[in-house]
Amino acid sequence: MLERWLAGLLYYGTLVAASTVAAGLTMTLLGPSARGWPSATAVVGAHITTVGIALFILLPIMRLILMLGVFLHQRDYRFSAIAALVLMIVVAGSMIGAS
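Keep in mind that what you see is a predicted model, and the values were worked out from it rather than measured. (Residues numbered from 1 in each chain as written. Predicted model: local features only at pLDDT ≥ 70, side-chain atom pairs only at ≥ 80, totals over all residues. Heavy atoms only, no water.)

Chemist: Go over the side chain of T20, please, and point to the residues and values.
Modeler: Summarising the element assignment, T20 is placed in helix α1 (residues 2–30). From its side chain, T20 meets the backbone oxygen of V16 in a polar contact 2.7 Å long. If sequence neighbours within four positions are ignored, T20 has contacts with I48, V51, G52 and L55. (Helix = DSSP H or I, 4+ residues; strand = E, 2+ residues; numbered from the N terminus. Polar contact = N/O pair within 3.5 Å; in protein donor to acceptor, adjacent residues only side chain to side chain. Contact = heavy atoms within 4.5 Å.)

Okay, here's the thing in structure tokens:
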């Protein structure tokens, strides 16, 4: 059960993130520029590309959250603790990196 959910999350998450990046790049590259300044379409496209990249970055974190939820539901507290510890390490590393 867990393997199927993880495979679905990673497959569809990658599909959504890649589609978002492709849409953003398309908007950025096809947006006309006037006098060297990017158009509003190009700026919005760049933001959409950034969102797609953020989705790629969030996929492993979503995997950890899904695993933690499944392990807690199955009352497998040892693996729940391991998943929670790894999630806390990722969050702490992100907070340290952001500051």
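Right, picking up where we left off after that structure.
Chemist: Can you break down the packing of helix α2 (residues 40–73) against helix α3 (residues 77–98) residue by residue, with the values?
Modeler: Interaxial distance between α2 and α3 falls to 8 Å at its minimum, and their mutual angle equals 155 degrees. Taken together, the axes of α2 and α3 lie roughly antiparallel to each other. The element α2 and its partner α3 pack so that their crossing is left-handed. Where α2 approaches α3, its residues I61, L64, I65, L68, F71 and L72 are matched on the opposing element by Y77, F79, S80, A83, A84, V86, L87 and V90. (Axes fitted to C-alpha atoms, helices over the stretch in contact; angles between N-to-C directions. Parallel < 35°, antiparallel > 145°, perpendicular 65-115°, else oblique. Left-handed = near helix turned anticlockwise from the far one by under 90°.)

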